[in-house]
Amino acid sequence: MSDTELALTPSDIDINEILKRIPHRYPFLLVDRAEAFQPSKSIVGIKCVTFNEPFFQGHFPGYPVMPGVLIVEALAQTGAVLMSKSLEIDVTGKVIYFMSIDNVRFRSPVRPGDVLRLHVEVTRARGDIFKFSGKARVGDKLCAEADFAAMSADVQK
C-alpha cells in the first residue's frame with residue numbers, strides 16, 4: 001500500500017480525535033478508530049481486540065470471550081463519536097449519556113485477535129437526542145446488534 005492509500009480520508013477518525021470527542025480512557029475506551037463517517041447518518045467504529053484486554057483475565061480463563069455488555073458499550077461509544085462530531089460538541093462543557101437500549105441480540109463470540117467493526121446508523125435525531133441502530137461484526141459474521149439512544153447534556157460540576 002502506498003502512503004497515499006494509508007492516509008486518512010476526510011470521513012476517517014483517528015484515536016487522537018476520538019480522545020478529543022469522548023471522555024472514555026483505558027481500560028474503558030473501546031473504540032480505536034472510526035471510518036465512513038457521515039454527519040448525523042452513520043459511522044463505522046473499529047475495535048482491535050487483543051488478549052491484553054483486562055476483562056479476558058476472568059472472562060473466561062481457557063476460552064477468552066469479550067463480554068457482550070462491552071460489545072454494546074463499544075457500539076454506544078461509536079454512536080457518541082458520531083454525535084460529538086455531527087453536533088460539533090465542546091466536550092469541556094457537554095457529555096454524551098447512554099439513554100436506552102432495546103432489541104439486543106448476541107449472535108457470535110468475539111475473541112482475542114478479532115477486529116470488531118461497529119456499524120452505527122442514526123434512525124432518528126432531534127436536537128441533542130439521537131436514536132441508533134448498531135451492528136457489531138467480525139468479518140462477515142454478525143456478533144451483536146442493538147437499538148439504542150443517547151443524549152448530550154451540560155457537564156455538571
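Before reading on, note that the structure itself is shown above.
Everything numeric here is computed off the predicted structure, so don't read it as measured data. (Residues numbered from 1 in each chain as written. Predicted model: local features only at pLDDT ≥ 70, side-chain atom pairs only at ≥ 80, totals over all residues. Heavy atoms only, no water.)

Draft legend 1. Structural view of helix α3 (residues 68-87). Between its first and last C-alpha atoms α3 spans 29 Å; for 20 residues at 1.5 Å apiece the expected length is 28 Å, and the two agree. Judged by how many residues are buried, α3 sits mostly within the fold: 17 of 20 residues are covered. Positive phi appears at Glu88, one or two residues downstream of α3, with a value of about 50°. (Helix = DSSP H or I, 4+ residues; strand = E, 2+ residues; numbered from the N terminus. Expected span 1.5 Å × (residues − 1). Buried < 20%, exposed > 50% of the residue type's maximum accessible area, 1.4 Å probe, protein only.)

Draft legend 2. Summary view of the packing of aromatic side chains. Going through the model one piece at a time under the given rule, you end up with 5 aromatic pairs. Aromatic pair Phe51 and Phe56: ring centres 6.5 Å apart, planes at 10°, arrangement stacked. The exposed category is assigned to Phe51, whose relative accessible area is 57%. You can call Phe56 buried: its relative accessible area is 4%. The rings of Phe98, Phe130, Phe132 and Phe148 are connected pair by pair, giving a single aromatic cluster. For the cation-ring pair, Lys85 lies above Phe37, with the distance from its terminal atom to the ring centre recorded as 5.5 Å. Across from the ring centre of Tyr63, 3.9 Å away, lies the NZ or CZ of Arg111, which sits over that ring. (Phe/Tyr/Trp six-rings, centres within 6.5 Å; stacked < 30°, edge-to-face > 60°. Lys NZ or Arg CZ within 6 Å of the ring centre and 35° of its normal.)

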